[in-house]
Structure formats: structure tokens, C-alpha cells
Amino acid sequence: MDTNARIYVAGHRGLVGSAILGHLQAKGYKQLLTRTHADLELSDAGQTEAFFERERPEYVFLAAAKVGGIVANNTYPAEFIRENLAIQTNVIHAAWRTGVNRLLFLGSSCIYPRLAPQPLKESYLLTGPLESTNRAYALAKIAGIEMCWSYNRQYGTRYLSAMPTNLYGPGDNYHPQNSHVIPALLRKFHEAKLRGDPSVSVWGSGTPRREFMYSEDMASACVHLMSLPDDAYTRLLGSDESISGRFEPPLVNVGVGTDVTIKELAELVKSTTGFTGRIIFDSSKPDGTPRKLMDTGLLTSTGWQASTPLSSGMQQAYADFVRMHGAGIGDRAHP
């Protein structure tokens, strides 16, 4: 991408989008297009097409989505599938209509079958049943991958899907019910420390394994993928199965290649926040998928790998949370 290219970051206020925007700014990109949700409703096809017709972006990072943790996904499946299908359908279609050069569609590792072999390879897509607690969200993201693939096949577009592992970092959503596991635990342990609670309860058995990636690393990977030379980028776009006979979606896993148990994660959050009580695992609550470790071989073959260890990334994320929601012992946590 030329530094003067017109680049639209959809969802620039979210965890991933804000990190991508900051990374692009740091690298000197000058024509960055953003719109808040109040200014542009991407679930509205008319508004979305009018924006693309007017602004004519050359590159699009599609990071706008309705996201949440296991509680939110399990409680509001209709909203998760409806809103995500609408957003991605409108943006991808408008990108095609206005001749966008490259589009990167951001998804999630939950697209893979619940009991798929580990680590998760891109070829495992659509090979088995999904995890029920976030199936609606996962199916929306799978539809987005298929939409990119279909437009590439029928219209010759160059749209790529990047599936990140579990993300965390500055600007995360710390809502007590609707956030992902790391921000939810950071808030829970922080508030327990402020109250002087003797223990903190964590959902599930603590045995599932999860991979976590710092949001700044994810942003770096996204910009790297969109900046690849044409031949390297083309190799990631898969193939037309009706011609090649191979199942090769335009899909790249983005992760760190290592994972930890939820118990190990909880212990790290405990030490990071300075909580001194006990951790109690509530096995009456669901564990979710037993393991989700990404195979990142395709990404690393392009010359990129993550650089932020979980321990240091956690410290930075917690410092961001404290700045946003309250400082040391004795302060009231932000509601």
C-alpha cells in the first residue's frame, strides 16, 4: 500500500480497528478514512454504498463487528448473527461496486469446528460442528469468508480473510457481562482487590486452553498482509474449487502459536492486578471449546510473527484498564 493510498478502517474505535488505525498512522499513511457508528450505520446498505461512492477507498480493513464473550454470544445469538451478516454484506458489496483494490475481512478462531484437531489449520474450515455457545457469531464470520471467496471467484476481486486468535489490549471492552475473557478477568480481579474480597470466582473448570494475542501485534499482522507484494498476496487468496478441485479459501490464521490454560491465565491476571485472595473455578458454568490453538504456518511463511509475550502484554492491558476505570486500592471502580 502506498502511503498516499485511500484506506478505510471500518470499526476504528474497536479493539482491532483502533490498533490498525494507530499502526497505519505510525507508518506514515496519510489518507485514512474513518467514521463513527453515529456518522455511518454499516448495517444500512444505503448509507454504506453512499459512503463508498463518495470516498472511494482503495483499501479496506473490515474490523467493524458486533463482538462479545461467551455470555454475550450465548445470550444474544440473534443480534450477533443479524448485525454481523448485515455489516459485512454491505461493506463487501459496496467495496466491489466501487472498485476497492484489496479488502481484509477480520473474523475469529471460533469459525473452526469445536473438536477440530490442534493446532487449527485453515483447511479445517467446515469440517465439523461448531461450539454451540457462539455458533451464531461463527456462522456469520464463515459467511463473510465465503462472500470474499465468492466475489473473488465471480468478479475477480482480491479480498482476503484474516482469522485472529483471542485478542486483548488497550481500548478493550471491559463490560462485566459482554466482554472477552482477559478484559472480563482484569476487571473482576481489579474490583475484587479494591473491595478486599477473599476470593474470585472464574467460569468453568480452568482446564480449557486458549491462545491470546496482543492487539498491537494483530494490527501489525493485518497491515503486513495488506502490504504484501502482488504475487505473495495472490498466493493467500486460495483457489476456485470448481477449477482446482482443492478446498482453499482466501483465509489466513493470525496468532502466536502457543496457548495457556484458563487456570494459568487466571493466575497471571491475579499476579498482574495484585489480587491476594483465592481463585475458585465454577464448574457449573460452561467451558466452551476445549482448545483453540491456531496453526500460523501460512502467516509466518510471509515473513511475520508476533513479538509481544502474554505477560508483558497483560501488564500493558491492565495499565490501560486502570487509566480508564480507576487506580489503586481505595478508589471506586468505574461502573
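On a predicted model such as this, the values are computed, not experimentally measured, just so you know.

**Student:** Explanation requested: the nonpolar core in the structure shown.
**Tutor:** Most often, soluble globular proteins keep nonpolar side chains buried together rather than apart. Tyr 8, Phe 52 and Leu 103 are the most contacted members of the largest nonpolar core, which totals 39 residues. Every element with two or more residues in this core is listed here: strand S1 (6-10), helix H2 (45-55), strand S3 (59-62), helix H4 (77-97), strand S4 (102-106), helix H5 (135-155) and strand S5 (159-164). For this core, the leading source of residues is H5, giving seven residues. In this view, Leu 103 contacts Val 60, Val 91, Ile 92, Ala 95, Cys 148, Arg 158, Tyr 159, Leu 160, Met 226 and Tyr 233; residues no more than four positions away in its chain are not counted. Formed by 37 residues, the second largest nonpolar core is a distinct cluster that contains Val 9, Met 213, Leu 225 and Met 226.

**Student:** Before we go on, may I ask you to explain helix H1 (residues 15-26) in this structure?
**Tutor:** At 3.6 residues per turn, the α-helix brings residues three or four places apart onto the same side. For H1, built from twelve residues, the straight-helix expectation of 16 Å at 1.5 Å per residue is met to within 8% by its first-to-last C-alpha distance of 17 Å. Of all the positions in H1, only Leu 15, Val 16, Gly 17, Ala 19, Ile 20, Leu 21 and Leu 24 are classed as buried. Tucked into the core, H1 has its buried residues touching S1, strand S2 (31-33), S3, S4, strand S6 (166-168) and helix H7 (215-226). Positioned one or two residues after H1, Gly 28 has a phi angle of 90°, which is positive.

**Student:** How should I be thinking about the sheet that holds strand S8 (residues 209-210) in this particular structure?
**Tutor:** Hydrogen bonds between backbone groups are what pair the strands of a sheet, and the pairing can be parallel or antiparallel. Pairing in this open sheet of three strands is mixed, and the strands run S11-S8-S13 from one edge to the other. The outermost strands of the open sheet, each flanked by one partner alone, are strand S11 (260-261) and strand S13 (291-292). Here S8 runs beside S11; their pairing, made up of two bridges, is antiparallel. Looking across to S11, one finds that Arg 209 is bridged to Thr 261.

**Student:** What should I look at first to understand the packing of aromatic side chains in this one?
**Tutor:** When we look at a pair of aromatic rings, we describe it by the centre distance and by the angle of the planes. Overall, the coordinates contain twelve aromatic pairs when judged by the stated rule. Considering the side-chain rings of Phe 80 and Tyr 137, the 6.1 Å spacing of their centres and the 85° angle between planes classify their relative orientation as edge-to-face. Here the residue Phe 80 occupies a position in helix H4, and Tyr 137 occupies one in helix H5, the gap between them amounting to 57 residues. Both residues of the pair, Phe 80 and Tyr 137, belong to the buried class. Taking the centre distance of 4.1 Å and the plane angle of 25° together, the rings of Trp 96 and Tyr 155 count as stacked.

**Student:** What is the right way to look at the confidence of the model for the protein chain in this model?
**Tutor:** Close reading of the predicted structure is inappropriate where its pLDDT is low. For the protein chain, the average pLDDT comes to 93, and 97% of its residues sit at 70 or higher. Confidence drops under a pLDDT of 50 for residues 328-335, and excluding neighbours within four residues, the segment shows 15 contacts in the predicted structure.

**Student:** Help me out: how do you make sense of the packing of helix H10 (residues 262-273) against helix H12 (residues 310-325) in this one?
**Tutor:** Think of two packed helices as two axes; the pair is described by the angle between the axes and how far apart they sit. Contact pair H10 / H12: the axes reach a minimum separation of 10 Å and the direction vectors enclose 50°. When the interaxial angle is binned, H10 and H12 end up oblique. By crossing handedness, the relation of H10 to H12 is classed as right-handed. Contact with H10, carried on its side by Leu 265, Leu 268, Val 269, Thr 272 and Thr 273, involves Leu 310, Ser 311, Met 314, Gln 315 and Tyr 318 of H12 and no other residues of that element. Grouping the constituent residues of the contact of H10 with H12 by class yields six nonpolar, four polar and no charged.

Definitions and cut-offs
- Residues numbered from 1 in each chain as written.
- Predicted model: local features only at pLDDT ≥ 70, side-chain atom pairs only at ≥ 80, totals over all residues.
- Heavy atoms only, no water.
- Core = buried A, V, L, I, M, F, W, Y, C linked by side-chain atoms within 4.5 Å.
- Buried < 20%, exposed > 50% of the residue type's maximum accessible area, 1.4 Å probe, protein only.
- Helix = DSSP H or I, 4+ residues; strand = E, 2+ residues; numbered from the N terminus.
- Contact = heavy atoms within 4.5 Å.
- Expected span 1.5 Å × (residues − 1).
- Pairing = 2+ DSSP bridges.
- Phe/Tyr/Trp six-rings, centres within 6.5 Å; stacked < 30°, edge-to-face > 60°.
- pLDDT = per-residue confidence, 0-100.
- Axes fitted to C-alpha atoms, helices over the stretch in contact; angles between N-to-C directions.
- Parallel < 35°, antiparallel > 145°, perpendicular 65-115°, else oblique.
- Left-handed = near helix turned anticlockwise from the far one by under 90°.
- Nonpolar A, V, L, I, M, F, W, Y, C, P; charged D, E, K, R; others polar.

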